[in-house]
Amino acid sequence: MEIIDSGRFRPGADGAAEYVEQLRVPALSFGTYSLPAGSADGQSPHREDEVYVVTQGRGRFTSGERTVDVGPGTALFVPALEAHRFHDITEDLVALVFFAPAYSGVPQD
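Our subject in this report is the structure included herewith. (Residues numbered from 1 in each chain as written. Predicted model: local features only at pLDDT ≥ 70, side-chain atom pairs only at ≥ 80, totals over all residues. Heavy atoms only, no water.)

1. Section: the overall build of the chain
From N to C terminus, the chain includes 0 helices and 6 strands. When its helices and strands are written in sequence order, the chain yields β-β-β-β-β-β. Here the C-alpha radius of gyration of the chain, 13 Å, is about what a compact globule of 109 residues would show, namely 13 Å. The dimensions of the chain, computed from C-alpha atoms along their principal axes, are 35 × 35 × 25 Å. Looking at the 109 residues of the chain, the share that counts as buried comes to 36%. Considering only contacts within the chain whose residues lie at least 6 apart along the sequence, 63% involve residues at least 24 apart. In the form shown here, the chain has an accessible surface area of approximately 6000 Å², with 53% of it arising from carbon and sulfur atoms. Positive and negative side-chain charges of the chain, numbering 8 and 16 respectively, have mean locations separated by a distance of 3 Å. (Helix = DSSP H or I, 4+ residues; strand = E, 2+ residues; numbered from the N terminus. Rg over C-alpha atoms; globule rule 2.2 N^0.38 Å. Buried < 20%, exposed > 50% of the residue type's maximum accessible area, 1.4 Å probe, protein only. Contact = heavy atoms within 4.5 Å. Areas by Shrake-Rupley, 256 points an atom, 1.4 Å probe, with all protein chains shown as cover. Lys, Arg positive; Asp, Glu negative; His and termini not counted. Charge placed at Lys NZ, Arg CZ, Asp CG, Glu CD.)

In structure tokens form, the structure reads like this:
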């Protein structure tokens with residue numbers, strides 16, 4: 001067993017969105033994504049399936065052709081290669097992020 005210190009709001013040094021990976025094994029990786037209120041989510045589609053669980057904050061999320069409001073307790077599944085992003089962040093937002101298989105860091109071609 002491993003106990004993981006995760007889910008804390010930790011924006012980038014410049015106040016921008018920040019992803020911190022906290023676990024990596026071949027089958028999956030896990031981390032915390034911190035998005036300050038008013039920040040931009042500039043991510044690109046990934047090669048991996050992804051699950052977000054919002055633990056703090058409020059905003060909106062668009063994936064494919066669908067947009068939803070998000071807040072604590074919202075869980076989202078995004079299939080590999082689908083364009084997606086958080087936006088209209090009104091309260092500092094924290095999401096636990098799970099990739100399967102482990103995040104490659106390589107955006108879609």
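2. A closer look at the pattern of salt bridges
Across all of its chains, the model carries 4 salt bridges by this definition. R8 serves as the salt-bridge partner of D5, at 3.1 Å between the closest nitrogen and oxygen. Taking relative accessible area as the criterion, D5 reaches 43% and is therefore assigned partly exposed. One salt bridge connects R60 with D69, and the closest N-O pair in it is separated by 2.9 Å. Among the charged side chains, a network of salt bridges with common partners joins D5, R8 and R10. (Salt bridge = Lys/Arg side-chain N within 4 Å of Asp/Glu carboxyl O.)

3. Details of the nonpolar core
By size, the foremost hydrophobic cluster in this structure holds 14 residues, and its most contacted members are Y52, F61, V70, F86 and L93. Counting only elements with at least two residues in this core, the list comes to β2 (28–35), β3 (49–63), β5 (75–78) and β6 (84–100). Among the elements that make up this core, the one with the highest residue count is β6 (6 residues). (Core = buried A, V, L, I, M, F, W, Y, C linked by side-chain atoms within 4.5 Å.)

4. Re the side chain of E50
Following the sequence through the fold, E50 ends up in strand β3. Although buried, E50 forms no salt bridge, and the nearest oppositely charged side chain, R24, lies 11 Å from it. Polar contacts involving the side chain of E50 include one to the side chain of H84, which spans 3.0 Å. Residues contacting E50, with those up to four places away along its chain left out, are Q43, L76, F77, V78, H84, V97, F98 and F99. (Polar contact = N/O pair within 3.5 Å; in protein donor to acceptor, adjacent residues only side chain to side chain.)

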